[in-house]
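Spelled out from the first residue to the last, the chains are:
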Amino acid sequence: MVGFVNGLTLVMLKAQLTHFQSAGKYLSVLSAEGRATYGCALLTMALVKFGIPKLQEKVEAAKAIPPTLGGVILSAMAAKYFAWPVKTLADVAGSETFRGGLAILPNLGLPSSFWAPLMSAPLKTLKIIMPYAVTMAAVGSIESLLTLQLLDGIVDDGKRGSTRKEVVGQGIGNLAAGLTGGIGGCALIGQSIINAQSGGGISRLSGMSMAIFLALGIVSFAPLLGQIPVVALAGVMLLVCQSTFSWSSLRLWGKIPKLDYFIILLVSYVTVAEDLAKAVLIGTITSALGFAWKQSTSISSTISTTSLNPRNGMPRLPDIKCYNVNGPLFFGSAQQFSRLFNAKEDPETIVIDFSQSRVFDHSALEAINNLADRYGNLGKRVYLRRLSSDCARLLAKVHVGGLPPYEIIEVDPGKDPIYGIAEKSELYSDVPVAKVG
(Lines give C-alpha, C1' and ligand atoms only; values in the text may rest on other atoms or scores of the structure.)
Protein backbone atom coordinates (compact mmCIF):
# COMPACT_ATOMS: atom_id res chain seq x y z
CA MET A 1 0.00 0.00 0.00
CA VAL A 2 2.84 2.41 0.85
CA GLY A 3 4.56 1.65 -2.46
CA PHE A 4 1.31 2.23 -4.35
CA VAL A 5 0.69 5.57 -2.67
CA ASN A 6 4.26 6.79 -3.16
CA GLY A 7 4.34 5.59 -6.76
CA LEU A 8 1.12 7.33 -7.73
CA THR A 9 2.27 10.46 -5.92
CA LEU A 10 5.42 10.52 -8.05
CA VAL A 11 3.30 9.99 -11.18
CA MET A 12 1.12 12.95 -10.20
CA LEU A 13 4.16 15.08 -9.41
CA LYS A 14 5.76 14.25 -12.75
CA ALA A 15 2.54 15.22 -14.56
CA GLN A 16 2.30 18.57 -12.75
CA LEU A 17 5.90 19.56 -13.44
CA THR A 18 5.22 19.55 -17.19
CA HIS A 19 3.10 22.69 -16.71
CA PHE A 20 6.21 24.58 -15.63
CA GLN A 21 8.09 23.70 -18.81
CA SER A 22 8.31 25.15 -22.28
CA ALA A 23 9.91 23.26 -25.15
CA GLY A 24 11.10 20.61 -22.72
CA LYS A 25 12.88 23.04 -20.39
CA TYR A 26 11.75 24.60 -17.13
CA LEU A 27 10.75 28.23 -17.36
CA SER A 28 13.28 30.74 -16.09
CA VAL A 29 12.27 32.85 -13.12
CA LEU A 30 13.91 35.79 -14.91
CA SER A 31 11.33 35.72 -17.71
CA ALA A 32 7.90 37.30 -17.38
CA GLU A 33 6.18 33.99 -18.19
CA GLY A 34 8.29 32.16 -15.63
CA ARG A 35 7.59 34.65 -12.85
CA ALA A 36 3.87 34.60 -13.62
CA THR A 37 3.73 30.81 -13.79
CA TYR A 38 5.61 30.12 -10.58
CA GLY A 39 3.92 33.02 -8.82
CA CYS A 40 0.42 31.88 -9.73
CA ALA A 41 1.14 28.34 -8.51
CA LEU A 42 2.66 29.60 -5.25
CA LEU A 43 -0.25 31.99 -4.70
CA THR A 44 -2.74 29.15 -5.11
CA MET A 45 -0.79 26.91 -2.74
CA ALA A 46 -0.54 29.67 -0.12
CA LEU A 47 -4.25 30.44 -0.33
CA VAL A 48 -5.26 26.78 -0.08
CA LYS A 49 -2.80 25.89 2.67
CA PHE A 50 -2.88 29.02 4.83
CA GLY A 51 -4.99 31.95 3.60
CA ILE A 52 -8.48 30.49 3.26
CA PRO A 53 -8.21 28.16 6.31
CA LYS A 54 -7.24 31.21 8.42
CA LEU A 55 -10.18 33.13 6.98
CA GLN A 56 -12.53 30.26 7.78
CA GLU A 57 -11.41 30.34 11.41
CA LYS A 58 -12.53 33.97 11.70
CA VAL A 59 -15.49 34.12 9.29
CA GLU A 60 -18.12 31.40 9.68
CA ALA A 61 -19.61 32.00 6.23
CA ALA A 62 -16.23 31.29 4.59
CA LYS A 63 -16.52 27.65 5.61
CA ALA A 64 -19.07 27.13 2.86
CA ILE A 65 -16.29 27.44 0.26
CA PRO A 66 -13.68 24.65 0.15
CA PRO A 67 -10.12 26.01 0.31
CA THR A 68 -9.16 24.40 -2.99
CA LEU A 69 -12.08 26.02 -4.84
CA GLY A 70 -11.51 29.38 -3.22
CA GLY A 71 -7.77 29.30 -3.92
CA VAL A 72 -8.24 28.49 -7.61
CA ILE A 73 -10.90 31.19 -8.06
CA LEU A 74 -8.82 33.90 -6.36
CA SER A 75 -5.71 32.95 -8.34
CA ALA A 76 -7.67 33.03 -11.58
CA MET A 77 -9.05 36.48 -10.72
CA ALA A 78 -5.55 37.75 -9.89
CA ALA A 79 -4.14 36.36 -13.14
CA LYS A 80 -6.93 38.02 -15.11
CA TYR A 81 -6.70 41.35 -13.29
CA PHE A 82 -2.93 41.67 -13.57
CA ALA A 83 -2.85 40.16 -17.06
CA TRP A 84 -0.30 37.53 -16.13
CA PRO A 85 1.11 35.65 -19.15
CA VAL A 86 -0.01 32.21 -17.96
CA LYS A 87 -1.62 29.41 -19.94
CA THR A 88 -5.29 28.80 -19.26
CA LEU A 89 -7.37 25.68 -19.71
CA ALA A 90 -8.70 27.08 -22.97
CA ASP A 91 -5.14 27.61 -24.22
CA VAL A 92 -4.21 23.99 -23.48
CA ALA A 93 -7.41 22.16 -24.47
CA GLY A 94 -8.56 24.57 -27.16
CA SER A 95 -11.30 27.16 -27.08
CA GLU A 96 -13.67 24.75 -28.84
CA THR A 97 -13.62 22.51 -25.76
CA PHE A 98 -14.90 25.35 -23.58
CA ARG A 99 -17.51 26.81 -25.88
CA GLY A 100 -20.24 25.43 -23.60
CA GLY A 101 -23.85 24.63 -24.38
CA LEU A 102 -25.61 21.35 -24.98
CA ALA A 103 -23.79 20.93 -28.28
CA ILE A 104 -20.69 19.68 -26.45
CA LEU A 105 -22.54 16.70 -24.97
CA PRO A 106 -21.59 13.39 -26.64
CA ASN A 107 -23.94 11.53 -28.91
CA LEU A 108 -25.47 8.26 -27.79
CA GLY A 109 -24.03 5.15 -29.40
CA LEU A 110 -20.62 3.85 -30.36
CA PRO A 111 -18.75 5.66 -33.14
CA SER A 112 -18.70 4.21 -36.65
CA SER A 113 -14.93 3.81 -36.41
CA PHE A 114 -15.62 1.06 -33.87
CA TRP A 115 -18.55 -0.68 -35.57
CA ALA A 116 -17.02 -0.92 -39.04
CA PRO A 117 -13.97 -3.10 -38.16
CA LEU A 118 -15.97 -5.06 -35.57
CA MET A 119 -18.58 -6.10 -38.13
CA SER A 120 -16.10 -6.84 -40.92
CA ALA A 121 -13.51 -8.75 -38.83
CA PRO A 122 -14.91 -9.41 -35.34
CA LEU A 123 -12.27 -11.87 -34.12
CA LYS A 124 -9.37 -9.77 -35.36
CA THR A 125 -10.85 -6.62 -33.83
CA LEU A 126 -11.50 -8.28 -30.47
CA LYS A 127 -7.97 -9.71 -30.50
CA ILE A 128 -6.65 -6.16 -30.81
CA ILE A 129 -9.03 -4.67 -28.24
CA MET A 130 -8.96 -7.34 -25.52
CA PRO A 131 -5.38 -6.88 -24.22
CA TYR A 132 -5.94 -3.14 -23.78
CA ALA A 133 -9.40 -3.70 -22.29
CA VAL A 134 -8.15 -6.21 -19.73
CA THR A 135 -5.18 -4.01 -18.79
CA MET A 136 -7.34 -0.91 -18.38
CA ALA A 137 -9.95 -2.82 -16.37
CA ALA A 138 -7.26 -4.25 -14.10
CA VAL A 139 -5.53 -0.91 -13.56
CA GLY A 140 -8.84 0.88 -12.97
CA SER A 141 -10.12 -1.69 -10.50
CA ILE A 142 -6.84 -1.91 -8.59
CA GLU A 143 -6.42 1.85 -8.35
CA SER A 144 -10.03 2.32 -7.26
CA LEU A 145 -9.82 -0.34 -4.56
CA LEU A 146 -6.49 0.91 -3.24
CA THR A 147 -7.80 4.48 -3.26
CA LEU A 148 -10.88 3.29 -1.38
CA GLN A 149 -8.63 1.69 1.24
CA LEU A 150 -6.60 4.91 1.53
CA LEU A 151 -9.72 7.05 1.96
CA ASP A 152 -11.08 4.71 4.63
CA GLY A 153 -7.96 5.51 6.63
CA ILE A 154 -8.16 9.27 5.98
CA VAL A 155 -11.85 9.71 6.81
CA ASP A 156 -11.70 7.24 9.74
CA ASP A 157 -15.41 7.42 10.54
CA GLY A 158 -15.69 3.81 11.63
CA LYS A 159 -17.17 2.72 8.29
CA ARG A 160 -15.61 0.89 5.38
CA GLY A 161 -16.44 1.33 1.73
CA SER A 162 -17.89 -1.63 -0.18
CA THR A 163 -15.33 -3.02 -2.64
CA ARG A 164 -18.07 -4.90 -4.48
CA LYS A 165 -20.19 -1.79 -4.99
CA GLU A 166 -17.11 0.14 -6.09
CA VAL A 167 -16.16 -2.36 -8.79
CA VAL A 168 -19.74 -2.94 -10.02
CA GLY A 169 -20.50 0.79 -10.08
CA GLN A 170 -17.29 1.55 -11.92
CA GLY A 171 -18.07 -1.12 -14.51
CA ILE A 172 -21.57 0.21 -15.12
CA GLY A 173 -20.28 3.79 -15.32
CA ASN A 174 -17.55 2.91 -17.80
CA LEU A 175 -20.00 0.94 -19.94
CA ALA A 176 -22.36 3.92 -19.99
CA ALA A 177 -19.44 6.24 -20.82
CA GLY A 178 -18.44 4.07 -23.76
CA LEU A 179 -21.98 3.93 -25.12
CA THR A 180 -22.18 7.74 -25.05
CA GLY A 181 -18.84 8.34 -26.75
CA GLY A 182 -17.04 9.08 -23.51
CA ILE A 183 -13.83 7.77 -21.98
CA GLY A 184 -13.70 5.21 -19.18
CA GLY A 185 -12.20 6.13 -15.83
CA CYS A 186 -11.63 5.08 -12.26
CA ALA A 187 -11.13 6.56 -8.81
CA LEU A 188 -8.33 9.14 -8.93
CA ILE A 189 -6.30 9.42 -5.78
CA GLY A 190 -5.68 13.17 -6.21
CA GLN A 191 -9.29 14.21 -6.75
CA SER A 192 -10.46 11.76 -4.08
CA ILE A 193 -8.16 13.27 -1.47
CA ILE A 194 -9.25 16.80 -2.43
CA ASN A 195 -12.85 15.70 -2.06
CA ALA A 196 -12.20 14.14 1.34
CA GLN A 197 -10.20 17.10 2.63
CA SER A 198 -12.98 19.45 1.51
CA GLY A 199 -15.46 17.60 3.70
CA GLY A 200 -17.09 15.50 1.01
CA GLY A 201 -15.45 12.23 1.98
CA ILE A 202 -18.05 11.47 4.65
CA SER A 203 -20.92 11.21 2.16
CA ARG A 204 -21.52 8.65 -0.57
CA LEU A 205 -23.18 11.37 -2.61
CA SER A 206 -20.01 13.47 -2.71
CA GLY A 207 -18.58 11.74 -5.77
CA MET A 208 -21.86 12.00 -7.64
CA SER A 209 -22.21 15.65 -6.68
CA MET A 210 -18.71 16.38 -7.88
CA ALA A 211 -19.43 14.76 -11.26
CA ILE A 212 -22.81 16.52 -11.65
CA PHE A 213 -21.47 19.97 -10.81
CA LEU A 214 -18.49 19.43 -13.10
CA ALA A 215 -20.86 18.53 -15.95
CA LEU A 216 -23.04 21.57 -15.21
CA GLY A 217 -19.96 23.76 -15.15
CA ILE A 218 -18.76 22.51 -18.53
CA VAL A 219 -22.19 22.98 -20.08
CA SER A 220 -23.20 26.28 -18.45
CA PHE A 221 -19.97 28.00 -17.40
CA ALA A 222 -17.44 26.59 -19.84
CA PRO A 223 -16.08 29.98 -21.00
CA LEU A 224 -15.37 30.94 -17.37
CA LEU A 225 -13.73 27.59 -16.61
CA GLY A 226 -11.56 28.04 -19.67
CA GLN A 227 -10.00 31.15 -18.10
CA ILE A 228 -8.61 29.26 -15.11
CA PRO A 229 -4.79 29.14 -15.21
CA VAL A 230 -3.46 25.60 -15.57
CA VAL A 231 -0.74 26.27 -12.99
CA ALA A 232 -3.38 27.19 -10.41
CA LEU A 233 -4.73 23.66 -10.69
CA ALA A 234 -1.16 22.35 -10.74
CA GLY A 235 -0.55 24.16 -7.45
CA VAL A 236 -3.50 22.35 -5.89
CA MET A 237 -2.19 19.03 -7.15
CA LEU A 238 1.27 19.77 -5.76
CA LEU A 239 -0.33 20.16 -2.34
CA VAL A 240 -2.13 16.87 -2.90
CA CYS A 241 1.22 15.24 -3.70
CA GLN A 242 2.70 16.71 -0.52
CA SER A 243 -0.12 15.34 1.64
CA THR A 244 -0.40 11.98 -0.16
CA PHE A 245 3.24 10.92 -0.16
CA SER A 246 4.04 8.68 2.81
CA TRP A 247 6.89 10.71 4.28
CA SER A 248 7.12 8.32 7.20
CA SER A 249 8.31 5.62 4.79
CA LEU A 250 11.60 7.52 4.43
CA ARG A 251 12.24 6.91 8.12
CA LEU A 252 11.53 3.18 7.92
CA TRP A 253 15.02 2.23 6.77
CA GLY A 254 16.59 0.15 9.50
CA LYS A 255 13.28 -0.14 11.38
CA ILE A 256 11.57 -2.71 9.15
CA PRO A 257 12.98 -5.77 7.34
CA LYS A 258 15.07 -4.85 4.33
CA LEU A 259 12.89 -7.03 2.10
CA ASP A 260 9.79 -5.02 3.04
CA TYR A 261 11.59 -1.75 2.32
CA PHE A 262 12.81 -3.15 -1.01
CA ILE A 263 9.22 -4.05 -1.96
CA ILE A 264 8.09 -0.49 -1.18
CA LEU A 265 10.80 0.92 -3.45
CA LEU A 266 10.11 -1.68 -6.14
CA VAL A 267 6.35 -1.05 -6.27
CA SER A 268 6.94 2.72 -6.31
CA TYR A 269 9.42 2.43 -9.19
CA VAL A 270 7.28 0.09 -11.31
CA THR A 271 4.23 2.30 -10.76
CA VAL A 272 6.14 5.27 -12.15
CA ALA A 273 8.06 3.45 -14.91
CA GLU A 274 5.31 1.07 -16.11
CA ASP A 275 1.77 1.01 -14.72
CA LEU A 276 -0.15 0.12 -11.59
CA ALA A 277 -1.22 -3.36 -12.75
CA LYS A 278 2.37 -4.47 -13.27
CA ALA A 279 3.41 -2.85 -10.00
CA VAL A 280 0.76 -4.73 -8.02
CA LEU A 281 1.58 -8.01 -9.79
CA ILE A 282 5.32 -7.68 -9.24
CA GLY A 283 4.82 -6.51 -5.66
CA THR A 284 2.51 -9.44 -4.89
CA ILE A 285 4.91 -12.00 -6.38
CA THR A 286 7.89 -10.49 -4.58
CA SER A 287 6.01 -10.39 -1.28
CA ALA A 288 4.90 -14.01 -1.68
CA LEU A 289 8.42 -15.19 -2.49
CA GLY A 290 9.82 -13.16 0.38
CA PHE A 291 7.23 -14.59 2.77
CA ALA A 292 7.99 -18.13 1.60
CA TRP A 293 11.71 -17.54 2.08
CA LYS A 294 11.26 -16.13 5.60
CA GLN A 295 8.97 -19.01 6.57
CA SER A 296 11.35 -21.58 5.12
CA THR A 297 14.19 -20.29 7.29
CA SER A 298 12.08 -19.80 10.42
CA ILE A 299 11.44 -23.47 11.14
CA SER A 300 13.41 -24.70 14.15
CA SER A 301 13.26 -27.18 16.98
CA THR A 302 14.04 -27.40 20.66
CA ILE A 303 15.09 -30.59 22.40
CA SER A 304 13.49 -31.84 25.61
CA THR A 305 12.55 -35.13 27.25
CA THR A 306 9.12 -36.69 27.46
CA SER A 307 7.43 -39.90 28.50
CA LEU A 308 6.06 -42.40 26.01
CA ASN A 309 3.31 -45.05 26.15
CA PRO A 310 4.15 -47.76 23.57
CA ARG A 311 1.24 -49.49 21.85
CA ASN A 312 2.46 -53.05 22.36
CA GLY A 313 1.72 -53.14 26.07
CA MET A 314 5.25 -52.35 27.11
CA PRO A 315 5.70 -50.27 30.27
CA ARG A 316 5.75 -46.51 30.11
CA LEU A 317 9.07 -45.16 28.87
CA PRO A 318 10.41 -42.06 30.67
CA ASP A 319 13.03 -39.55 29.53
CA ILE A 320 12.59 -40.07 25.79
CA LYS A 321 14.34 -37.51 23.61
CA CYS A 322 11.79 -35.18 22.05
CA TYR A 323 12.18 -32.73 19.17
CA ASN A 324 9.68 -29.87 19.52
CA VAL A 325 9.22 -28.42 16.01
CA ASN A 326 8.45 -24.71 15.70
CA GLY A 327 7.25 -23.08 12.48
CA PRO A 328 5.33 -24.16 9.38
CA LEU A 329 6.41 -27.24 7.44
CA PHE A 330 5.86 -26.88 3.70
CA PHE A 331 7.79 -27.19 0.43
CA GLY A 332 9.99 -24.21 1.27
CA SER A 333 11.03 -25.43 4.73
CA ALA A 334 11.21 -29.19 4.05
CA GLN A 335 14.97 -29.19 3.50
CA GLN A 336 15.63 -27.10 6.59
CA PHE A 337 13.35 -29.45 8.56
CA SER A 338 15.47 -32.47 7.67
CA ARG A 339 18.59 -30.69 8.95
CA LEU A 340 17.16 -30.33 12.45
CA PHE A 341 17.74 -34.00 13.27
CA ASN A 342 20.83 -36.14 13.89
CA ALA A 343 19.70 -39.69 13.22
CA LYS A 344 23.11 -41.30 13.77
CA GLU A 345 23.65 -39.91 17.26
CA ASP A 346 20.04 -40.00 18.48
CA PRO A 347 18.83 -42.84 20.75
CA GLU A 348 16.84 -45.80 19.46
CA THR A 349 13.52 -44.08 20.16
CA ILE A 350 12.67 -40.42 19.66
CA VAL A 351 9.51 -38.31 19.64
CA ILE A 352 8.79 -35.47 17.20
CA ASP A 353 6.20 -33.07 18.63
CA PHE A 354 4.32 -30.87 16.10
CA SER A 355 2.31 -28.89 18.69
CA GLN A 356 3.91 -25.61 17.54
CA SER A 357 4.01 -26.53 13.86
CA ARG A 358 1.65 -27.36 11.03
CA VAL A 359 2.03 -29.62 8.02
CA PHE A 360 0.84 -27.85 4.87
CA ASP A 361 1.52 -29.82 1.69
CA HIS A 362 2.78 -32.96 -0.05
CA SER A 363 6.42 -31.92 0.26
CA ALA A 364 5.98 -31.74 4.03
CA LEU A 365 4.50 -35.25 4.12
CA GLU A 366 7.41 -36.57 2.08
CA ALA A 367 9.89 -34.81 4.38
CA ILE A 368 8.38 -36.53 7.45
CA ASN A 369 8.36 -39.97 5.79
CA ASN A 370 11.92 -39.56 4.50
CA LEU A 371 13.08 -38.55 7.97
CA ALA A 372 11.41 -41.61 9.50
CA ASP A 373 13.09 -43.79 6.86
CA ARG A 374 16.48 -42.41 7.88
CA TYR A 375 15.87 -43.52 11.45
CA GLY A 376 14.35 -46.83 10.32
CA ASN A 377 17.40 -47.68 8.25
CA LEU A 378 19.47 -47.36 11.44
CA GLY A 379 17.11 -49.64 13.36
CA LYS A 380 15.49 -46.77 15.29
CA ARG A 381 11.88 -45.74 15.83
CA VAL A 382 10.16 -42.37 15.44
CA TYR A 383 6.97 -41.39 17.24
CA LEU A 384 5.02 -38.52 15.67
CA ARG A 385 2.91 -36.47 18.05
CA ARG A 386 0.19 -33.80 17.61
CA LEU A 387 -0.56 -34.32 13.93
CA SER A 388 -4.05 -33.81 12.51
CA SER A 389 -6.06 -36.88 11.54
CA ASP A 390 -5.86 -35.85 7.88
CA CYS A 391 -2.10 -35.62 8.11
CA ALA A 392 -1.82 -39.03 9.81
CA ARG A 393 -3.87 -40.77 7.13
CA LEU A 394 -2.12 -39.04 4.24
CA LEU A 395 1.32 -39.95 5.63
CA ALA A 396 0.33 -43.62 5.31
CA LYS A 397 -1.02 -43.07 1.79
CA VAL A 398 2.00 -41.29 0.33
CA HIS A 399 4.48 -43.76 1.85
CA VAL A 400 5.11 -46.74 -0.41
CA GLY A 401 3.55 -49.80 1.25
CA GLY A 402 1.96 -47.74 4.04
CA LEU A 403 3.52 -46.65 7.29
CA PRO A 404 6.48 -48.81 8.29
CA PRO A 405 6.71 -50.24 11.84
CA TYR A 406 9.37 -47.72 12.80
CA GLU A 407 7.13 -44.70 11.98
CA ILE A 408 4.47 -44.51 14.66
CA ILE A 409 1.80 -41.82 14.96
CA GLU A 410 0.42 -41.09 18.41
CA VAL A 411 -3.31 -40.40 18.30
CA ASP A 412 -5.01 -38.25 20.93
CA PRO A 413 -8.38 -36.93 19.64
CA GLY A 414 -8.68 -34.60 22.60
CA LYS A 415 -5.40 -32.78 21.94
CA ASP A 416 -4.56 -33.37 18.25
CA PRO A 417 -5.14 -30.34 16.00
CA ILE A 418 -7.60 -30.27 13.11
CA TYR A 419 -6.41 -29.02 9.72
CA GLY A 420 -6.26 -30.17 6.13
CA ILE A 421 -3.34 -30.72 3.79
CA ALA A 422 -2.84 -29.26 0.30
CA GLU A 423 -2.82 -32.62 -1.46
CA LYS A 424 -4.26 -34.33 -4.55
CA SER A 425 -7.99 -34.92 -4.40
CA GLU A 426 -7.66 -38.65 -5.18
CA LEU A 427 -5.61 -39.15 -2.01
CA TYR A 428 -8.38 -37.48 -0.05
CA SER A 429 -11.11 -39.69 -1.57
CA ASP A 430 -11.55 -41.98 1.46
CA VAL A 431 -10.24 -39.64 4.18
CA PRO A 432 -13.17 -38.86 6.50
CA VAL A 433 -13.90 -35.29 7.46
CA ALA A 434 -12.44 -34.44 10.86
CA LYS A 435 -14.96 -33.54 13.52
CA VAL A 436 -14.53 -30.52 15.75
CA GLY A 437 -15.09 -31.13 19.47
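Starting from 1, residues in each chain are numbered consecutively following that chain's sequence as written. Residues qualify for local features only when their pLDDT is at least 70, as the model is predicted, and side-chain atom pairs are given and counted only at 80 or more; totals for whole chains, interfaces and linings, by contrast, use all residues. As a rule here, side-chain values come from all non-hydrogen atoms in the structure, and water together with hydrogens is ignored.

Q: Can you tell me about the sheet that holds strand β6 (residues 381–385), naming the residues and giving the values?
A: Strand order across the open sheet formed by five strands is β3-β4-β5-β6-β7, with mixed pairing between neighbours. Here the strands that pair on one side only, and so sit at the sheet edges, are β3 (300–308) and β7 (407–409). Each strand of the sheet is rotated relative to its neighbour by a mean of 30°, with strand direction disregarded. Pairing between strands is defined by DSSP: at least two bridges between the two strands are required. Only DSSP runs of H or I covering at least 4 residues are called helices, and only runs of E covering at least 2 are called strands; the numbering of each starts at the N terminus. Here β3 pairs with strand β4 (residues 317–329) via eight bridges, running antiparallel. If you follow Thr305 over to β4, its bridge partner there is Lys321. Note on definitions: a residue-residue contact is assigned when non-hydrogen atoms from the two residues lie within 4.5 Å. Only the contacting stretch of a helix is used when fitting its axis, a line to C-alpha atoms as for every element, and angles between N-to-C directions run 0 to 180 degrees. Against the sheet, helix α15 (residues 362–377) makes contact with β4, β5 (349–359), β6 and β7, and its axis sits at roughly 170° relative to β5, the strand it touches most.

Q: Help me get a handle on the side chain of Asp361, residues and values and all.
A: Within the element layout of this structure, Asp361 appears in the loop between β5 and α15. Within the buried core, Asp361 has no salt-bridge partner, and the shortest N-O distance to an opposite charge, that of Arg358, equals 10 Å. Counting of polar contacts relies on pairs of N or O atoms within 3.5 Å, with two restrictions inside protein: one atom must be capable of donating a hydrogen and the other of accepting it, and residues adjacent in sequence are counted only when both atoms are side-chain atoms. Here the side chain of Asp361 touches Ala364 through a polar contact of 3.0 Å, landing on its backbone nitrogen. Residue contacts for Asp361: discarding those within four places in its chain leaves Leu329, Phe330, Phe331, Ile421 and Ala422. Here the term buried applies to any residue with accessible area under 20% of the maximum for its type, exposed to any over 50%, and partly exposed to those in between, with areas from a 1.4 Å probe on protein chains only. Charge convention: Lys and Arg are scored as positive, Asp and Glu as negative, and His as well as the terminal groups of each chain are ignored. By convention in these notes, a salt bridge is any Lys or Arg side-chain nitrogen within 4 Å of a carboxyl oxygen on Asp or Glu.

Q: Tell me about the nonpolar core, and please be specific about residues and values.
A: To define a nonpolar core, start from buried Ala, Val, Leu, Ile, Met, Phe, Trp, Tyr and Cys residues and group those joined through side-chain atoms within 4.5 Å. Within the largest apolar cluster, 30 residues are counted, with the highest numbers of intra-cluster contacts made by Phe337, Phe341, Ile352, Phe354, Val359 and Leu384. Elements supplying a minimum of two residues to this core: β4, α14 (334–338), β5, α15, β6 and α16 (389–398). Among the elements that make up this core, the one with the highest residue count is α15 (six residues). Look past the residues within four positions of Leu384 in its chain and what remains in contact with it is Ile352, Phe354, Ile368, Leu395, Glu407, Ile408, Ile409 and Glu410. By size, the runner-up hydrophobic cluster in this structure holds 20 residues, among which are Phe4, Met12, Cys241 and Leu276.

Q: How would you sum up the packing of helix α12 (residues 258–273) against helix α13 (residues 276–298)? Please name residues and give values.
A: Two numbers describe a pair of packed helices, the interaxial angle and the distance between the axes. Orientation of α12 relative to α13, taken along the N-to-C sense of each, is 165°, at an axis distance of 8 Å. Relative to α13, the element α12 is oriented roughly antiparallel. Seen along the crossing, α12 lies across α13 with a hand that is right-handed. Contacts between α12 and α13 involve Leu259, Asp260, Phe262, Ile263, Leu266, Val267, Val270 and Thr271 from the former and Leu276, Lys278, Ala279, Ile282, Gly283, Thr286, Ser287, Gly290 and Lys294 from the latter. Here the term charged refers only to Asp, Glu, Lys and Arg, the term nonpolar to Ala, Val, Leu, Ile, Met, Phe, Trp, Tyr, Cys and Pro, and the term polar to all other amino acids, Gly among them. Tallied by class, residues from the contact of α12 with α13 come to nine nonpolar, five polar and three charged. In these notes the angle categories are as follows: under 35 degrees is roughly parallel, over 145 is roughly antiparallel, 65 to 115 is roughly perpendicular, and the rest is oblique. By definition, turning the near helix anticlockwise from the far helix through less than a right angle yields a left-handed crossing, and turning it clockwise yields a right-handed one.

Q: Please provide a residue-by-residue account of α15, values included.
A: Each α-helix turn comprises 3.6 residues. Residues three or four places apart therefore point the same way. Taking 1.5 Å per residue as the helical rise, α15 with its 16 residues ought to reach 22 Å, and the 22 Å between its terminal C-alpha atoms agrees with that figure. Of all the positions in α15, only Ala364, Leu365, Ala367, Ile368, Asn369, Leu371, Ala372, Asp373, Tyr375 and Gly376 are classed as buried. Tucked into the core, α15 has its buried residues touching β4, α14, β5, β6, α16 and β7. Following α15 by one or two positions, Gly379 has its phi on the positive side, about 75°. One less than the number of residues in a helix, times 1.5 Å, gives the span that helix is expected to have.

Q: Explain the pattern of salt bridges to me, and be specific about the residues and the numbers.
A: Scanning the entire structure with this criterion turns up five salt bridges. Among the salt bridges present, the one from Glu274 reaches Lys278, with a minimum N-O distance of 3.3 Å. Residue Glu410 pairs with Arg385 through a salt bridge whose shortest N-O separation is 2.6 Å. Highlighted residues: Glu410 in the segment after β7 and Arg385 in strand β6, separated in sequence by 25 residues. The burial state of Glu410 is the same as that of Arg385; both residues are buried.

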